[in-house]
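Summary of the model geometry
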Amino acid sequence: MRLSVVIPALNEERHLGQLLSDIQRQSRMPDEVIVVDAGSSDATVRIAKRSQAVVLHGEPPVARGRNVGGFSAKGELIFFLDADTRLPETFLEDFVCEVERQRLDMACPRYLPHDSTPTIRAIHAFWNMVLKASERTLPSGAGHCIALRSELFRESRGFDPSLKFDDIELVRRLSKGRRFGYVGTSVFVSDRRYREEGVLRAFLLHLLMAPAFALGKFEWANHIAYEFGDHDH
């Protein structure tokens, strides 16, 4: 199975190089890595080219970058990764084994905070439990890492640029009538939104949005301040 990795990025010089290094150390290498730059003013593009990734040009919001990369990908399985994620060395190998074993069309990993606090780790453990428990009734996933078969993506309209939480909506929409599941492997995610917004505020915001997502009212969350590339760190 050929693997493609798609990484949308905007001013991610502090994080992108670490992710690309993780990818280069994988026990199973992807067949292509695509970085879609949305007009960075820092060294993002230079870092991507140095790693020999394919660099494509996109624009905000993040859904547009995901679509540019996804519709350009040549692999049979496409991994959409956020630029600030980190991967264990056997991540891709373990993930693909689980996808093939369960014959999944779309899958997500556990999301674990990288180098974070006990409180933030506990919050992620809570959401991982919720996501796993609802994988059959209300499939959901975070854009930190979503993997799906390329034919499923190409047959769709892709991520919806009109939504801030396009990742959750895509999983819900494309998993209908397909095999979706959470695999046992983990991806390490950044806790920078918690640090920037405050742990309690960020947790409560996600908790308040959960009923809207359960009802399929993804546009309700557009009023939340949650912007692509809008970080202090």
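Check the entry above for the structure.
None of these values were measured; they are calculated from a predicted model.

Describing the sheet that holds strand β6 (residues 145-149)
Pairing is mixed across the open sheet formed by seven strands, whose spatial order is β3-β2-β1-β4-β6-β5-β7. With one partner strand each, in any of the chains shown, β3 (54-57) and β7 (180-189) form the two edges of the open sheet. Averaged over all neighbouring strand pairs, the angle between strand axes comes to 20°, with direction disregarded. Pairing analysis gives six bridges linking strand β1 (residues 3-9) to strand β2 (residues 32-37), with the strands arranged parallel. The residue bridging S4 from the neighbouring strand is E32, located in β2. Sheet strands in contact with helix α3 (residues 62-72) are β1, β2, β3 and β4 (77-81), and its direction is about 155° off that of β1.

Overview of a nonpolar patch on the surface
Side chains of F126, M129, L200, L204 and L207 sit close together on the surface and give an oily, nonpolar patch of about 470 Å² of accessible area. If one sorts the elements of the nonpolar patch by residue count, helix α9 (residues 199-214) sits on top with three residues. Relative to the helices and strands, L200 resides in helix α9. The class of L200 is exposed, set by a relative accessible area of 60%.

What to know about helix α7 (residues 166-174)
Burial analysis of α7 places nine of its nine residues in the buried class, the great majority of the element. Taken together, the buried positions of α7 are D166, D167, I168, E169, L170, V171, R172, R173 and L174. Residues of α7 that are buried sit in contact with α3, β5 (106-113), β6, α6 (150-154), β7 and α9.

A few points about the packing of helix α5 (residues 118-133) against α9
Orientation of α5 relative to α9, taken along the N-to-C sense of each, is 10°, at an axis distance of 11 Å. When the axes of α5 and α9 are compared, the pair comes out roughly parallel. In contact with T119, I120, I123, F126 and W127 of α5, α9 contributes V199, F203, H206, L207 and A210. Of the residues in the contact of α5 with α9, the class split is eight nonpolar, two polar and no charged.

Cut-offs and rules
- Residues numbered from 1 in each chain as written.
- Predicted model: local features only at pLDDT ≥ 70, side-chain atom pairs only at ≥ 80, totals over all residues.
- Heavy atoms only, no water.
- Pairing = 2+ DSSP bridges.
- Helix = DSSP H or I, 4+ residues; strand = E, 2+ residues; numbered from the N terminus.
- Axes fitted to C-alpha atoms, helices over the stretch in contact; angles between N-to-C directions.
- Contact = heavy atoms within 4.5 Å.
- Patch = residues over 30% accessible without salt bridge, like charges linked within 9 Å, V, L, I, M, F, W, Y side chains within 5 Å.
- Areas by Shrake-Rupley, 256 points an atom, 1.4 Å probe, with all protein chains shown as cover.
- Salt bridge = Lys/Arg side-chain N within 4 Å of Asp/Glu carboxyl O.
- Buried < 20%, exposed > 50% of the residue type's maximum accessible area, 1.4 Å probe, protein only.
- Parallel < 35°, antiparallel > 145°, perpendicular 65-115°, else oblique.
- Nonpolar A, V, L, I, M, F, W, Y, C, P; charged D, E, K, R; others polar.

None of this, on its own, says anything about what the molecule does.
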